[in-house]
Structure formats: structure tokens, C-alpha cells
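Fold and contact review
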Amino acid sequence: MDLPVVDLAPYLEIVECSDPTAEEEAHLRSMCAAVSASLRDTGALIVKDPRCTAQDNDRFLDMMESYFERSDEFKRLQERPQLHYQVGATPEGIEVPRSLVDEEMQEKIKKIPKEYQPATPSGPDPKWRYMWRVGPRPLNTCFKELNAEPVIPDGFPEWKETMDFWGSKMISAIEVVAEMAAIGFGLSKDAFTSLMNQGPHLLAPTGSDLKKHGSEGTVFAGFHYDLNFLTIHGRSRFPGLNIWVRSGQKMEVKVPLGCLLIQTGKQLEWLTGGECLAGMHEVVVTNRTLEAIERARQENRSLWRVSSTLFGHIASDALLKPLGQFEEGPLASNYPPMYAGEYVEQELSAINLKGVALM
């Protein structure tokens, strides 16, 4: 089973046209229906955005490899535990997989057929992460920690421009997918994007040291869902991402060159009253990862696995609740109105990124 690849270029061309033909409008609706169906049925989607090139992704990965290869002591200078690790560096051994602390999730895992069950992590994730805020933040908010100022490491003069450039491109791609999904679900075009305005979007690349943790079966990110609205990834140089589609089937994701992977987060699940479910996924060293490690060794390339990941969020002070027809859905009562920032803080507590346990 392969995820569908949606080229965003035709949508961008049609929406910029002042007088689209009936045929173009029908094509637009068809594309939007495909996007919403994929998010509903698989929790994921691969897109090709002409504004986001493979070269842009490579430039970002090159810089992040250089950063993660620096010493742990250097990287810890960018650590901000008092801000729930929502800016700067998160060292390996801090993020706890939801599957280790959530009893309900553990029960769900037991019901998954053995051939599709996730790998079992032995403890916190052995990966580093860097959080970089993307886009404007609100002047007045009840959730200041989630909208903190960025942290810039010394010795990387290109850091801010590179992070902002790639982050803004990926946010643009998420916004187009959000528009298309809204249309596909029968909502207004801006139903989701209006709630994303001034959200605490985070460019959040991970760094996994394959020299240190490169044995088959090592779990870099245990079975979990993302707490945000939509997550977008550029193509990694080392495979290892597995996702679970709504049917329960596990699949290894293969992102074509020049494409981006979109995954559904919990905030989208909330806004659709459970019509879309937050996509479950993990990152594990597989046989294909080992093959990529060997190729990188032969070519004298970095052995840090960097994920080019961005978390697109609903604005912290916006209300999460089922929208439009989803308000009358059979599961709507499971998603009571809640401020997005309040929800995020609850989730961060659960995965050990907030609270005294970090001090």
C-alpha cells in the first residue's frame, strides 16, 4: 500500500485564476476530495509543492547535521526546560513515548495484530530535537510559554535565515493542504487556516546519532500521535518512519524525492469530531536504515538521521471544537470545547516536556 501523491501546483493555479472554468472548478473539488479522503482514511498524505524544492530541503538538512554533530555540551547551551522545551534544544532521553505512559494506548496496542504491532521502546526516545518558532506570534495571549522567543546557537550565522526560509515554505504547504481538506470536508475554504493564524508553529527537526544508536530495532521515536493540527516532513536521508492507517495496517513510509509528507494531528481530530484520527507513527532503525547507513559511510556523509519536521498548530487562544457538520457527528461529545493552548499544555505534561520532572 502506498500513500497517494498530490501535486499542489494545479490547485495553486486554479485558486489564483480570477475566472476558473467549470472544468477547472470540478478538478479543484476532485483534488480536495482526494486530500480529505486520504487524511480521513490513512492519517497521512504525500504532496509535491512546487514552492518547496529538494534543494531547499537539502540545505536545511546540511545545516542541521552540522549542528547535531557538535558536542552535547554545546547543544545543551540551547536547552530551555523552563519553557517546556518548546524552543531550543531537547536532549536525547527527555521525550517520553506516549505508549509508555498512556494505559489506554497500551490497551489499543495489545489489540493490534502481531504483524502490525509497533516496536517496544525501553525508555525515553534516544533522539535530540530542536524547536524553532515559525511565523508571527500574538501580542496578547494566555499561553506565553508556548509563544516564546527563539534560541539561536553560536557559530551558525546562516541559522535564522535557513530556519525561517524552510519553515515558512513548509507552513505555506500546510496551509494549502488545510484549505483543500476544508473544501473536501464541505467546510469553508478558511475553516482551518483562520484558526491557524498566529499559531505556535514549530520547525522541530530531530537528530538521531546512528553511530551511537544505529543497531536494527532501535526505537528513535516510540509509537505516538502528534498533538498539533498537521505535521509536515521533508524527505529524510535515512528511512525508518512507520505509520498506521485507520484500518490498523502498518506501513513503512517512502517519500519520493522533492515531496513532503503530511500527517494528521490531534487538533485536526478535534476539529472534525473524530472524522479524522490523529495518525499513529514511530521511527525505528530498519534494514533499509542500515543500508542507508552503509551508503553514507562509503560516501563519507554524516551519520546523524535528521528529520525535517514542522508542527503546524491551531492558535493557542483559539477554541478547539468540532466544526460545521462535525458538530452533529456521532463522536462529537468526545471533543468538548477547549482552548488549543490548554490542550497542548496537557499533552506536554503527559510526554514529560512540562513540569518539575524536567528540572
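Residues numbered from 1 in each chain as written. Predicted model: local features only at pLDDT ≥ 70, side-chain atom pairs only at ≥ 80, totals over all residues. Heavy atoms only, no water.

Some thoughts on the confidence of the model for the protein chain
For the protein chain, per-residue confidence averages 91 on the pLDDT scale, and residues scoring 70 or more make up 96% of the total. Across residues 354-359 the pLDDT falls below 50, and counting only partners more than four positions away or on other chains, this stretch makes nine contacts in the model. (pLDDT = per-residue confidence, 0-100. Contact = heavy atoms within 4.5 Å.)

So, the packing of helix 2 (residues 22-41) against helix 7 (residues 159-184)
The contact between helix 2 and helix 7 brings their axes to 7 Å, and the two run at 95 degrees. As summarised for this structure, helix 2 and helix 7 are arranged roughly perpendicular, according to the angle between their axes. Every residue of helix 7 that contacts helix 2 at Leu28, Met31, Cys32, Ala33, Val35, Ser36 and Leu39 is listed here: Val177, Met180, Ala181, Ile183 and Gly184. Taken together, the residues of the contact of helix 2 with helix 7 break down into 10 nonpolar, two polar and no charged. (Axes fitted to C-alpha atoms, helices over the stretch in contact; angles between N-to-C directions. Helix = DSSP H or I, 4+ residues; strand = E, 2+ residues; numbered from the N terminus. Parallel < 35°, antiparallel > 145°, perpendicular 65-115°, else oblique. Nonpolar A, V, L, I, M, F, W, Y, C, P; charged D, E, K, R; others polar.)

Considering the sheet that holds strand 7 (residues 219-224)
Read across the sheet, four strands follow the order 7-12-9-10 without closing on themselves; strand pairing throughout is antiparallel. Of all the strands in the sheet, just strand 7 and strand 10 (250-252) have a single pairing partner and so form its edges. Direction aside, neighbouring strands of the sheet carry axes that sit 20 degrees apart on average. As paired strands, strand 9 (residues 241-244) and strand 10 are joined by three bridges and run antiparallel to one another. (Pairing = 2+ DSSP bridges.)

Details of the environment of Met105
Looking at the secondary structure, you find Met105 in helix 6 (residues 103-111). When the C-alpha positions of Met105 and His224 are compared, they lie 8.8 Å apart, and in sequence the two are 119 residues distant. Those residues in contact with Met105 that sit more than four places away from it in its chain are Arg98, Ser99, Phe223, Tyr225 and Met280.

Quick word on the pairing of strand 13 (residues 304-312)
Both faces of the sheet carry side chains from a regular strand, because those side chains alternate between them. The buried fraction of strand 13 amounts to nine of the nine residues, a majority that puts the element mostly inside the structure. Side chains Trp304, Val306, Ser308, Leu310 and Gly312 of strand 13 all project onto a buried face; the interleaved residues Arg305, Ser307, Thr309 and Phe311 project onto the opposite face, where all are buried too. Alignment of strand 5 (residues 202-203) against strand 13, held across two bridges, turns out to be antiparallel. Paired with Leu203 across the strands is Leu310, a residue of strand 13. For strand 6 (residues 206-209) and strand 13, the ladder comprises four bridges, and the chain directions are antiparallel. Opposite Thr206, over in strand 13, you have Ser307 as the bridge partner. Pairing of strand 8 (residues 230-234) with strand 13, which is carried by five bridges, proceeds in the antiparallel orientation. Across the sheet, His233 pairs through a bridge with Thr309, a residue of strand 13. (Buried < 20%, exposed > 50% of the residue type's maximum accessible area, 1.4 Å probe, protein only.)

As for the nonpolar core
Counting residues in hydrophobic clusters, the biggest one holds 82 residues, and the most contacted among them are Met64 and Phe192. Broken down by element, the residue count for this core peaks at 13 residues, all from helix 7. Among residues more than four places away in sequence, those in contact with Met64 are Tyr130, Trp159, Met163, Pro205 and Val306. Core analysis: the next-biggest nonpolar cluster, separate from the first, contains 21 residues, Ile46, Cys259, Val285 and Leu303 among them. (Core = buried A, V, L, I, M, F, W, Y, C linked by side-chain atoms within 4.5 Å.)

Some points on the packing of helix 3 (residues 54-68) against helix 7
Packing of helix 3 against helix 7 brings their axes to within 10 Å, and their N-to-C directions diverge by 135 degrees. Judged by the angle between their axes, helix 3 and helix 7 are oblique. The handedness of the crossing between helix 3 and helix 7 comes out as left-handed. Two secondary-structure elements touch here, helix 3 through Asp56, Asn57, Arg59, Phe60, Met63, Met64 and Tyr67 and helix 7 through Trp159, Glu161, Thr162, Met163, Phe165, Trp166 and Lys169. Partitioning the contact of helix 3 with helix 7 into residue classes produces eight nonpolar, two polar and four charged. (Left-handed = near helix turned anticlockwise from the far one by under 90°.)

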